[in-house]
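Close look at the chain arrangement
Each chain is listed here by its residues.
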Amino acid sequence: MAAETLDAVIVGAGFSGLYMLHKLRGQGLSVRAYEAGAGVGGTWFWNRYPGARVDIESQEYSYTFDDGLADEWEWSERYASQPELLRYLNHVADRFDLRKDIQLETRVESAAFDESANRWRIVTDTGDDISAKFVVMATGCLSVPQELNFEGAERFKGESYRTSSWPHEGVDFTGKRVGVIGTGSSAIQSIPEIARQAAHVTVFQRTPNYSVPAHNGPTTKEQLADWRANRKRYREEAMAQGFGVRQIDGQERMALDATPEERAAAYEDRWARGGFSLGGAFADIVLNKEANDTAAEFVAGKIRQIVKDPATAEKLTPKTYPLFTKRLCVDTGYYDTFNRENVSLVDVSADPIQNVTPDGLRTKEKEFSFDAIVYAIGFDAMTGALNKIDIAGRGGVKLKDAWAEGPRTHLGLMTAGFPNMFIVTGPGSPSVLCNMALAIEQHVEWIADCIAYMGARQIGAIEATAAAQDAWVAHVNEVANMTLYPQANSWYLGANIPGKPRVFMPYIGGFPLYKQACDAAASADYEGFALTRS
Ligand code: N01
C-alpha cells in the first residue's frame, strides 16, 4: 500500500511543471510536483553560468495563460538573463501560490503502473510513496548533463565547473588560466564573459558551431507598451510560424529563386535583426543543401569579417554539416572574443584531448596548465531525464526497454503501454524545435483538457494505441528525412551520447501542423488513444 493517495504527480517544477500544477489544481485535482532542485525553475535554476540567457525574445518566451501575469511582468532586456528568468518563474510560483504543492530536493526514482487499479505508484529518493491516477513527466528536454568521461578529471587539482550545474554563488575567474571544453550554446554564451575576467582562456573545440548575434539590449518603454497592446495577436502570429517564434518571420520564397544580390540583402537584413530570424529568410534553407550553402557562406563571411586572424576564423567556420542542423547559437560577442589577446582556440578534432592531468589537460600534441576547467559538454537530450526514472508500464515493461531503439510516442504526449502517463514536450513533439514556452503551454493545456474529459466520463485510463504510435513515429521520421537535419551529428539525433540510438527525436513538421494533429485527436474523442472506463 502506498502511503499517500493523490490524483496526479508532476515530475519537475520548471516551466512545464509549474503551469501543469496550476492547471490541474485549478481543475480540482489533488496534485503534487516533485523537484530535484532546491528551488523551482528547472533549466533556469541549474544553468547559472556567466552569460546564460534565453535565445528567443523574452516577450515570446513567456507564459500567456494569465492576463494579469502577462500585464504585470516587464522584461528588462530583449533576451532575458538567467537571473531574471529565474525571478520570473519564482514570481509565477508565488503569484499562483504553487509552493505549497511542490516538494523540493526530491527526486522521483520510480513509477510503476498498477493495472488492477489503473494507478501509478511513485517512489522518491526521500521515501515518499504515492499512489496517483496520473503522472505527468515535466522533466525537461535538456536536464540531464552528458556524463563527464574525461580520463583523469577527478585528479585535476584546480577548480572544475559544469555549465549545467553552476555554483549559485558564482565564480570569480579574475587572474585565472581557464580551459573551456565544448563550443555549443552554453560555451558560446559563457566564453565571452569568462574571457573578460580570466588571465587566459583556452577553448577546446571539437566541432565549430554556427552562431548569430542576439543584438541584445534593454527593453524600451515603447516595446513594453507595444507588447502589452498586441500580445494576443503576437502569440497568434508565433503559433502560425513553424518554430513557434514570431521573430523568425518565415518567408515562402526560395533562396534558389532569388538572385545573389537579393539573397545577400535578405541575409544582411536578418543578421541585423538578430537571433533566429536568419532562419526565416527563405523557405528552402533547411530543405535543400544548395540553398543552405548560400546562407552558410553568408555566416562564414561574417566570421571572416569579425575574426582578425584568418587561421582562427577558418577553424571557427563549420564545414561538416549544414547550417541550422545543429541548434543555432545566439551570442553576444562570441566571434569577436577570439580577437582578444587572452583567448586561444584549440581544434581538438585535429589534436584530440587525451586526458585531464592534475595540472590541466593533455591533447595528443600539447600539455596545458589551468587553474580552472569549464565543461560545457551538453546533455542527454529529450530521453535522458525519462530514462533516469525507473518507469514500468503495463506488464511491468520498462520504458527504457520499450524505447531501446529510440523513443516511441504518439504526438510526443503519451506512449503505448504506459497509461495515464503524460510527457510535456516529449520526443515526437516540436519541443526543442519550437519556442519552448509556447510548446509547453500547448501541451499542458492539452493534457489538462484530456484529464478533464476523462473525469467527466468516468474514464479510468488513457494510453496511446500502438497503431497510432507507429504511424506517428513513421511520420516524425519521414518529415525529418525531408530536411537536412539528419545530416548533422546533433543531440537532436542522440549523436552526442555514446551508444544512444540514432533517431531524430523532435518533430520538425512545424508547430501549426502539429497543433492541428493534437486538436484533431482531442476533438475526435481522443482518436489514436485507447480509453478504459473506471
Ligand atoms: O551543449 P551542446 P550545450 N570532447 O551539446 C562538445 C540549449 N541551450 O549545453 O559538437 C570535446 O550543444 C561538443 O562537441 P561536438 C540549446 O538548445 C540553450 O552548449 O559533439 N568536446 C559541443 O561543442 C543547446 O543546443 C541556450 O563535437 C566535447 C559541446 O561540447 C542545448 O541547450 C544556452 C566532448 C556541447 O554542446 C545544448 O547546449 C545553452 C568531448 N568529449 C543551451 N563532449 C540558450 O541560449 C562534448 N563536447 C537559451
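Attention here is on the structure that accompanies the text. Just so it is clear, the structure is predicted and the values come from calculations on it, not from any experiment.

Observations concerning the overall build of the chain
- In terms of regular secondary structure, the chain is built from 15 helices and 20 strands.
- Here the C-alpha atoms of the chain give a radius of gyration of 23 Å, agreeing with the 24 Å that 2.2 N^0.38 yields for 534 residues.
- A principal-axis box enclosing the C-alpha atoms of the chain has dimensions of 70 × 55 × 45 Å.
- Across the 534 residues in the chain, those meeting the buried criterion constitute 57%.
- Relative to all contacts within the chain whose residues are 6 or more apart in sequence, the contacts with residues 24 or more apart total 72%.
- Per element, the accessible surface of the chain, about 21400 Å² overall, is 49% carbon and sulfur.
- Here the chain contributes 54 positively and 69 negatively charged side chains, and the mean placements of these two sets differ by 2 Å.

Let's talk about helix 5 (residues 185–197)
- The largest bend along helix 5 measures about 35 degrees and falls at Ile191, with the proline Pro192 one to four residues further on.
- Among the residues of helix 5, those classed as buried are Ser186, Ala187, Ile188, Gln189, Ser190, Ile191, Pro192, Ile194 and Ala195.

With respect to the site of the ligand
- Near the ligand lie 23 residues; those nearest to it are Thr183, Ser186, Arg206, Thr207 and Lys326.
- Side-chain polar atom of Arg206 to an oxygen atom of the ligand: 2.8 Å apart, as the coordinates give it.
- With respect to the ligand, the side chain of Arg327 contributes an N or O atom lying 3.5 Å from an oxygen atom.
- Within the complex, the protein chains bury 87% of what would otherwise be the 910 Å² of accessible surface of the ligand.
- Top element by residues in the shell around the ligand is helix 5. It accounts for three residues.
- Its residues placed into classes, the shell around the ligand shows nine nonpolar, nine polar and five charged.

Comments concerning the pattern of salt bridges
- Considering all chains together, one arrives at 37 salt bridges under this definition.
- Note that Lys398 is salt-bridged to Asp390, the shortest N-O span being 2.9 Å.
- Asp390 sits in the partly exposed class, given a relative accessible area of 32%.

Some details on the nonpolar core
- Residues Phe173 and Phe422 are the most contacted members of the largest nonpolar core, which totals 129 residues.
- A total of eleven residues in this core trace back to one element, the largest contributor, which is helix 13 (residues 436–456).
- Not counting the four nearest positions on each side in its chain, Phe422 is found in contact with Phe134, Val135, Val136, Met137, Leu413, Met414, Trp446, Ile447, Cys450, Ile451 and Ile462.
- Formed by 21 residues, the second largest nonpolar core is a distinct cluster that contains Val9, Trp120, Ala132 and Met421.

Quick notes on the sheet that holds strand 13 (residues 353–356)
- The strand order across the open sheet formed by three strands is 13-14-15, and the pairing between neighbours is antiparallel. What marks the edges here is a single partner per strand, and that holds for strand 13 and strand 15 (367–369). Across the sheet, the mean angle from the axis of one strand to that of its neighbour is 20 degrees, orientation sign disregarded.
- Across three bridges, strand 13 lies against strand 14 (residues 360–363) in antiparallel orientation. Note on strand 14: the bridge partner recorded for Val356 is Leu361.

Here's the deal with the state of the cysteines
- The full count for this structure, using the stated rule, is zero disulfides.
- Cys434 carries a free sulfur, and the closest cysteine sulfur to it, the one in Cys141, is 11 Å from it.
- With no disulfide of its own, Cys518 lies 11 Å from the sulfur of Cys450, the closest cysteine sulfur.
- The exposure class assigned to Cys518 is buried, which follows from its relative accessible area of 0%.

Thoughts on the packing of aromatic side chains
- Counting across every chain of the model gives 40 aromatic pairs.
- Residues Trp271 and Phe298 carry aromatic rings whose centres are separated by 5.8 Å and whose planes lie at 80 degrees to one another, so their mutual orientation is edge-to-face. With Trp271 in helix 7 (residues 260–273) and Phe298 in helix 8 (residues 289–306), the pair connects residues that are 27 residues apart, well separated along the chain. Considered together, Trp271 and Phe298 belong to a single accessibility category, that of buried residues.
- Members of the aromatic cluster, each reached through a chain of ring pairs, are Phe15, Tyr19, Trp44, Tyr61, Tyr63, Phe65, Trp73, Trp75, Tyr88 and Phe96.
- The lysine or arginine in question, Arg48, covers the ring of Phe45, its NZ or CZ lying 4.8 Å from the ring centre.
- The cationic tip of Lys326 hangs over the ring face of Tyr321; the distance from NZ or CZ to the ring centre is 5.6 Å.

Side note on the side chain of Gln146
- As for its position among the elements, Gln146 is in the loop between strand 6 (129–137) and strand 7 (159–162).
- Given a relative accessible area of 11%, Gln146 falls into the buried group.
- Residues in contact with Gln146, not counting those within four places in the same chain, are Arg162, Ile377, Gly378, Phe379, Asp380, Asn496, Ile497 and Pro498.

Observations regarding the sheet that holds strand 12 (residues 343–347)
- Read from one edge to the other, the open sheet built from five strands follows the order 7-16-8-9-12, with strand pairing classed as parallel. Where the open sheet ends on each side, the last strands, each with one partner, are strand 7 and strand 12. The average angle at which neighbouring strand axes cross in this sheet is 20 degrees, direction not considered.
- Where strand 7 meets strand 16 (residues 372–375), four bridges bridge the pair, whose relative direction is parallel. Along strand 16, the bridge assignment pairs Glu159 with Ala372.

A few points about helix 14 (residues 466–481)
- With 16 residues, helix 14 extends 22 Å from end C-alpha to end C-alpha; this agrees with the ideal 22 Å at 1.5 Å per step.
- Those residues of helix 14 that are buried lie in contact with strand 19 (459–464) and helix 15 (511–523).

Structural notes on the packing of helix 6 (residues 221–239) against helix 13
- At a minimum axis distance of 11 Å, the contact between helix 6 and helix 13 shows a crossing angle of 90 degrees. Looking at the two axes, helix 6 sits roughly perpendicular to helix 13. Mapping the contact onto sequence places Arg235, Ala238 and Met239 in helix 6 and Ala437, Leu438 and Glu441 in helix 13.
- When the residues that make up the contact of helix 6 with helix 13 are grouped by side-chain class, the tally is four nonpolar, no polar and two charged.

About the cut-offs
Residues numbered from 1 in each chain as written. Predicted model: local features only at pLDDT ≥ 70, side-chain atom pairs only at ≥ 80, totals over all residues. Heavy atoms only, no water. Helix = DSSP H or I, 4+ residues; strand = E, 2+ residues; numbered from the N terminus. Rg over C-alpha atoms; globule rule 2.2 N^0.38 Å. Buried < 20%, exposed > 50% of the residue type's maximum accessible area, 1.4 Å probe, protein only. Contact = heavy atoms within 4.5 Å. Areas by Shrake-Rupley, 256 points an atom, 1.4 Å probe, with all protein chains shown as cover. Lys, Arg positive; Asp, Glu negative; His and termini not counted. Charge placed at Lys NZ, Arg CZ, Asp CG, Glu CD. Bend = angle between axes of the 7 residues up to and from the residue. Near = heavy atom within 4 Å. Polar contact = N/O pair within 3.5 Å; in protein donor to acceptor, adjacent residues only side chain to side chain. Nonpolar A, V, L, I, M, F, W, Y, C, P; charged D, E, K, R; others polar. Salt bridge = Lys/Arg side-chain N within 4 Å of Asp/Glu carboxyl O. Core = buried A, V, L, I, M, F, W, Y, C linked by side-chain atoms within 4.5 Å. Pairing = 2+ DSSP bridges. Axes fitted to C-alpha atoms, helices over the stretch in contact; angles between N-to-C directions. Disulfide = S-S within 2.5 Å. Phe/Tyr/Trp six-rings, centres within 6.5 Å; stacked < 30°, edge-to-face > 60°. Lys NZ or Arg CZ within 6 Å of the ring centre and 35° of its normal. Expected span 1.5 Å × (residues − 1). Parallel < 35°, antiparallel > 145°, perpendicular 65-115°, else oblique.

Fair warning: the whole summary comes from geometry, so function is off the table for now.
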